[in-house]
Amino acid sequence: MASLALEQAGRLPVPGDNVAIAGRRLEAGTAITHGGQTFRLTHTLMEGHRFAARPISAGEKLLSWALPFGKALRTIAPGEYICNRGMLDALAHRGLDFALPAEPNFEDYLQRHQLDERAFTPGKQVPLADAPRTFMGFRRGPGRGVGTRNAVVVLGTTSLTASYARSLADRFKDVPGRFPNIDGVVAVTHTEGGGSQTPNNLDFVLRTLAGMMVNSNVGAVLAVDYGTEVITNAKVRSFMQEAGYPLDRVLHEFISLTGDFRGELARGEQIVAGWLPQVSALTRTEESLAHINLALQCGGSDAFSGISGNPLAGCLAREVVRNGGIANLCETDELIGAEPYILSNVRDVATARKFLEKIEIFRERAAWHGHSAEGNPSGGNKFRGLYNIALKSIGAARKKPADVRLDFVTEYAERLTRPGYNFMDSPGNDLEGIAGQVAAGANMIVFTTGNGSITNFPFVPTIKVVTTTGRFNMLAHEMDVNAGRYQDGMPMEQLGAETFELMVKIASGQRCLGEKAGHSQVSIWRNWQQTGHGRVEQILAAAAPSGKPLPVRKERGPSATFQGLRTPRGVAVEQLGLIVPTSLCSALVAKQIADKLNAEPGDKQGVSRYVALTHTEGCGAAGGYSEELFLRTLQGHLAHSAVRRGLLLEHGCEKTHNDAVRHYLSEHGVDTGIFGWASIQMDGGIESVTAKVRGWFQQSLRREPPAQAEDVGLEHLSIALTAVGALPEPVAGGLGRVAQAVAGAGGTVVVPKNASLLQSRGFREAVLAAPEQWGATLGYGQRAAQPGFHVMESPTDHAVETFTGLGATGVEVMLAHVSGPPLQGHPMIPLIQVSADERTVKRFGRDLDAQFSPNAKSENVAAALLDKVAAVASRRYVPKLFGTGNTDFQLTRGLLGLSL
């Protein structure tokens, strides 16, 4: 076998590194020549993985970009596969066609950076350009700058109005065709503020909402709440006024939903429609590039992110700073290990000190939850050569060129008004970081990705830069720039100049590929539950629920029958095609595919509809406890009786990729062969994966005979009961009679532990044999294997997160008593909403499926509710809000989850 020069096989990031990166797959035994020596590779290496380029002594530091990322556990010979324990564990379930080393040869090394203030020397910034460039933008006036887009935003103030915002924006899909100067009417929805307690991230949420409302790309904004949440429009308005946000400079209105859903949609539609001529009247004018606020982001990183993609982003940042604009780096935990590089050129000692303080605060918050900030790299990162946080950070830091000075360090979502290079505190979670940068004023985003992450913000264009030519060719319809040409021989100066011109064109109105695909997602830095040390051990040591139902009263209660669907897996109330995204990164694509399948005419081969469970988890969050909740909840939905066929859709580089989910299901005794599996990245992008998913459903559905309708009793029913807010005892007793009737007949009833229903003695006495002896019998999202009466753990005070957990238990119908605004239901499982609260009935009566007098007789309430449940289970009645699409799906992170 002929030997290869090191430059032919891979590269050293900088001369003097002792570890090289494989530029392509290299087979075991390949001969490599470097420094006058020839050595052979001990193992087959995937593209992006590392091998020793010279002898490394035991205890010696392993270097990339001249910075340490590990320590040798033993003497390492040239050509050995460089591997740590985390990488070997992550790759063990990947189904590789070659053998990995049996043991690691290095351990992670991360030394806390010590700032020597006495030896500190202030850095120098790159000089300003002699003549700043221009672009065509939308001038907003004092305090708001110049936009690269002109959008009308429907903003859900909290997650409770998310489905309203989406439904309203959907009514204006044709606006760009009718109003050429408007880029769209877009919904901005998120996961925060939907609980009953003031969240720990309150200041983050307020800053983010405020900053988004006045972002220069916003032509008008409608903020929507119910007026009863922990974060209301009034709080946002007050915060903006006190903090000096230029709210009066943007066309806006705050509205609270006080009536029925359809009526409120009509009201919102009237407001937005009235704005369109005024928003469209603004035209693009020639403006200085000093008005560009460039967000620098990376996601789905690989070993080449630090070689090509991030240095290219750094070139754009340099040019923006040279032209008097703002470049904004973030992702605090993804710079741990790269502090020496970041602080090698910094404005002053106070800025350096603040940067290090942000890292320490991040570490401390992670420790409160039993995690380490260094646990960031995902399975996809490790698969593509980023073995630990030091390697990931060393490459991520290249978004700041060495000659560009770090000028400022700011809080998450803090507005940026001073030109220069800024660092904003944020988690490594891509979407959460982007939300903060947009709130800080970003009107352009450059997003570098090794694996091919597909992301775009609703009203800020995203230039997606992929790091290798091979991955670009796989995803050419989704990636804007091939930075892999640098590895192929194109000088970085030429690649940077070309991409800079593309940025100017996109800032001037040319649509990026993410915009053309209609792809956008939003997630604000999510709340965390712990505010100090001391609870982790207690939470982890808590005994798991037994799974055994609670004894119910032995008496003959009301009975009912319904028309179920007999399937090979038992009786169901509906037959669905389910698409489960394995992470937030594939969530919107999953929904787009489901929408296309639902819109196609013709026979759906035994399914009534397709559903995608869009969510914000699976990457950019801590593992362990919260990841177990996540995977268990996905498993429960896949096993649901309503699912005729289920398919898992990965993005390709997330923590919970297809292989990780497949391994989890197999460990829990699930036959993974019954599901479909697809990958946005590995199947060639959105168009290709859509065709694959469509084909899989068509082929697999043909193999199973259609379900047969059959009259059955309550022993075949599984139902969730809950109540939010106060409820009269007679109505609680009626709900208890329903629970006793179903559970007593041999069916299943699940009540979440956080339901006010369980605080009612009348409810407990109606259903339980021992009303005072009850507790959780199921974990959150745990499937109810035994019929009977169950209580589900609920480590959340968020109604949508509670319904998401209930859906995984296997319930087929949900029934809720509400006192206050109606709830967003589950996208798979119909939710019946009833009330005996007079104020609720007066405000929202048209959205309720049943209304009761507070003094109604329990037996009458039970009979009416059972009739309604039977009608829904028989598909004769569709709950009102469920029929409007007022649904959402949100996975809890529980008590120990947090963003990384």
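Refer to the preceding data block for the structure.
Conventions we followed
- Within every chain, residues take consecutive numbers counted from 1 along the sequence as written.
- Whole-chain, interface and lining totals are the exception, using all residues; otherwise, since this is a predicted model, local features are given only for residues with pLDDT of at least 70 and side-chain atom pairs are given and counted only at 80 or more.
- Based on all heavy atoms of the structure, the side-chain values leave hydrogens and waters out of the count.
- A run of DSSP states H or I qualifies as a helix once it reaches four residues; a run of E qualifies as a strand once it reaches two. Both are numbered from the N-terminal end.
- Only protein chains enter the area calculation, which uses a 1.4 Å probe; residues under 20% of their type maximum are buried, those over 50% are exposed, and those in between are partly exposed.
- We call two residues contacting when some pair of their heavy atoms lies within 4.5 Å.
- Throughout, the Shrake-Rupley method with a 1.4 Å probe supplies accessible areas, and for residues the shown protein chains are the sole cover considered.
- The sign given to each residue is positive for Lys and Arg and negative for Asp and Glu; His and the chain ends receive no count.
- By convention, the point assigned to a charge is CZ for Arg, NZ for Lys, CD for Glu and CG for Asp.
- Think of a salt bridge as a Lys or Arg side-chain nitrogen and an Asp or Glu carboxyl oxygen that are within 4 Å of each other.
- A helix is expected to reach a length of 1.5 Å times the quantity of its residues less one.
- Every angle, taken between N-to-C directions, lies between 0 and 180 degrees, and every axis is a line fitted to C-alpha atoms, over only the stretch in contact when it is a helix.
- Orientation categories follow fixed angle ranges, with anything under 35 degrees roughly parallel, anything over 145 roughly antiparallel, 65 to 115 roughly perpendicular, and all other angles oblique.
- By convention the crossing between two helices is left-handed if the near helix lies anticlockwise of the far one by an angle smaller than a right angle, and right-handed if it lies clockwise.
- Each residue is assigned to one class: nonpolar for Ala, Val, Leu, Ile, Met, Phe, Trp, Tyr, Cys and Pro, charged for Asp, Glu, Lys and Arg, and polar for all the others, Gly among them.
- When DSSP finds at least two bridges between two strands, those strands are taken to pair.
- Any N or O atom pair separated by 3.5 Å or less is treated as a polar contact, with the protein-specific requirement of one donor-capable and one acceptor-capable atom, and with residues adjacent in sequence counted only for side-chain atom pairs.
- Geometry of aromatic contacts follows a simple scheme: Phe, Tyr and Trp rings, the Trp one being its six-membered ring, pair when their centres are within 6.5 Å, and the pair is stacked under 30 degrees between planes, edge-to-face over 60, tilted otherwise.
- Counting as a charge over the ring demands two things of the Lys NZ or Arg CZ atom: a distance within 6 Å of the ring centre and an angle within 35 degrees of the ring normal.
- Handedness of a crossover: with both strands directed away from the viewer, a clockwise path from the first strand across the helix to the second marks it as right-handed.

> Explain the overall build of the protein chain here, please?
A count of helical and extended segments in the protein chain gives 27 helices and 36 strands. By its C-alpha atoms, the protein chain is 90 × 65 × 55 Å across when sized along the principal axes. The buried share of the protein chain, taken over its 900 residues, is 63%. Sequence separation of at least 24 residues holds for 75% of the intrachain contacts in the protein chain that already meet a minimum separation of 6. Put simply, the protein chain shows about 31300 Å² of open surface, and 50% of that area lies on carbon and sulfur atoms. Treating the 89 positive side-chain charges of the protein chain as one cloud and the 88 negative ones as another, the clouds have centres 2 Å apart.

> I keep staring at the pattern of salt bridges and nothing clicks. Help me out?
Any two side chains of opposite charge can pair if their charged atoms end up close together. For the structure shown, the criterion picks out 46 salt bridges. A salt bridge links R74 to E80; the nearest nitrogen and oxygen atoms lie 2.8 Å apart. Two residues, D89 and R85, come together in a salt bridge whose shortest N-O distance is 3.5 Å. Placement of both D89 and R85 in helix α2 (residues 85-91) is noted, with a separation of four residues, approximately one turn of the helix. Each member of the salt-bridge network shares a partner with another, and the members are E192, E432, R526, E617, E801 and R893.

> Which parts of the structure should I look at to understand helix α10 (residues 349-368)?
Side chains of residues three or four places apart in an α-helix project in the same direction, reflecting 3.6 residues per turn. Taking 1.5 Å as the rise per residue, α10 with 20 residues should run 28 Å; its terminal C-alpha atoms sit 29 Å apart, in good agreement. Buried within α10 are the following residues: T351, A352, F355, L356, K358, I359, F362, R363, R365, A366 and W368. Looking at the residues trailing α10, positive phi occurs at G370, about 80 degrees.

> Help me out: how do you make sense of the packing of helix α3 (residues 162-170) against helix α7 (residues 261-280) in this one?
A pair of packed helices is captured by two measures, namely the crossing angle of their axes and the spacing between those axes. With their axes 10 Å apart at the nearest point, α3 and α7 run at an angle of 55 degrees to one another. One finds that α3 runs oblique with respect to α7. The interaxial crossing formed by α3 with α7 has right-handed handedness. Contacts between α3 and α7 involve S163, Y164, S167 and L168 on the former and, on the latter, F261, E264, L265, G268, E269 and V272. The class makeup of the residues in the contact of α3 with α7 is five nonpolar, three polar and two charged.

> Please explain the sheet that holds strand β11 (residues 145-147) as it appears in this structure.
Backbone-to-backbone hydrogen bonds pair the strands of a sheet. The strands run either parallel or antiparallel. Pairing within the open sheet is antiparallel, and its three strands lie in the order β11-β10-β16. Both edges of this open sheet fall to β11 and β16 (285-288), since each of them pairs with a single strand only. The average angle at which neighbouring strand axes cross in this sheet is 75 degrees, direction not considered. Note that strand β10 (residues 134-141) and β16 share four bridges and pair antiparallel.

> Help me understand the packing of helix α19 (residues 625-638) against helix α20 (residues 658-667), please; the structure alone is not making it clear to me.
Remark: α19 packs on α20, axes separated minimally by 11 Å, with the N-to-C direction vectors making an angle of 75 degrees. Between α19 and α20, the angle is such that the two are roughly perpendicular. Counting all contacts with α19, which are made through E628, L631, R632, Q635 and L638, the residues of α20 involved are V661, Y664 and L665. When grouped by side-chain class, the residues that make up the contact of α19 with α20 number five nonpolar, one polar and two charged.

> Sorry if this is basic, but what is going on with the sheet that holds strand β2 (residues 10-11) here?
In space, the three strands of this open sheet follow the order β2-β3-β6, with antiparallel pairing throughout. A single partner strand is all that each edge strand has here, and the edge strands are β2 and β6 (50-52). When β2 meets strand β3 (residues 19-22), the two strands line up antiparallel, connected through two bridges. Opposite G10, over in β3, you have A22 as the bridge partner.

> Help me out: how do you make sense of the side chain of D425 in this one?
Along the chain, D425 falls in the loop between β20 (420-424) and α13 (430-439). In this structure, D425 is buried with no salt-bridge partner, the nearest side chain bearing the opposite charge being K358 at 4.4 Å. A distance of 2.6 Å separates polar atoms of two side chains, one belonging to D425 and the other to T332.

> Sorry, what's going on with the packing of aromatic side chains here?
Each aromatic ring pair is summarised here by two numbers: the centre-to-centre distance and the angle between the ring planes. Applying the stated criterion to the full structure yields 17 aromatic pairs. When the centroid spacing of 6.4 Å and the interplanar angle of 55 degrees are considered together, the rings of F39 and F51 count as tilted. On the criterion of sequence distance, the pair formed by F39 in strand β5 (residues 37-40) and F51 in strand β6 is long-range, its members being twelve residues apart. Judged on exposure class, the residue F39 and its partner F51 are both buried. Ring centres of F239 and Y245 lie 5.8 Å apart, and the angle between their planes is 40 degrees; on these two criteria the pair is classed as tilted. The class of Y245 is buried, set by a relative accessible area of 11%. Through a chain of ring-to-ring contacts, three or more aromatic side chains come together here, namely F204, F362, Y412, W525 and W528. When the ring centre of Y341 is taken as reference, the NZ or CZ atom of R398 above it lies at 4.0 Å. The positively charged end of R662 is found above the aromatic ring belonging to W677, 4.1 Å away from the centroid.

> How should I be thinking about helix α22 (residues 729-744) in this particular structure?
For α22, spanning 16 residues, the distance from its first C-alpha to its last is 21 Å, which sits close to the expected 22 Å at 1.5 Å a residue. Burial analysis of α22 places twelve of its 16 residues in the buried class, the great majority of the element. Buried within α22 we find V731, A732, G733, G734, L735, G736, V738, A739, Q740, A741, V742 and A743. Check the buried side of α22 and you find it contacts β31 (718-724), β32 (748-752), α23 (761-767), β33 (788-792), β34 (813-818) and α26 (858-873). Downstream of α22 by one or two residues, G746 has phi in the positive range, about 105 degrees.

> What exactly am I supposed to notice about the pairing of strand β29 (residues 676-679) here?
For a regular strand, side-chain orientation follows a simple rule: the groups alternate between the two sheet faces. The two faces of β29 match: G676 and A678 on one face and W677 and S679 on the other face are all buried. Sheet topology note: the strand β28 (residues 643-650)/β29 ladder contains four bridges and is parallel. By the bridge assignment for β29, L649 is matched with A678. Of the crossover connections in this fold, the one passing from β28 over α20 to the parallel β29 is right-handed.

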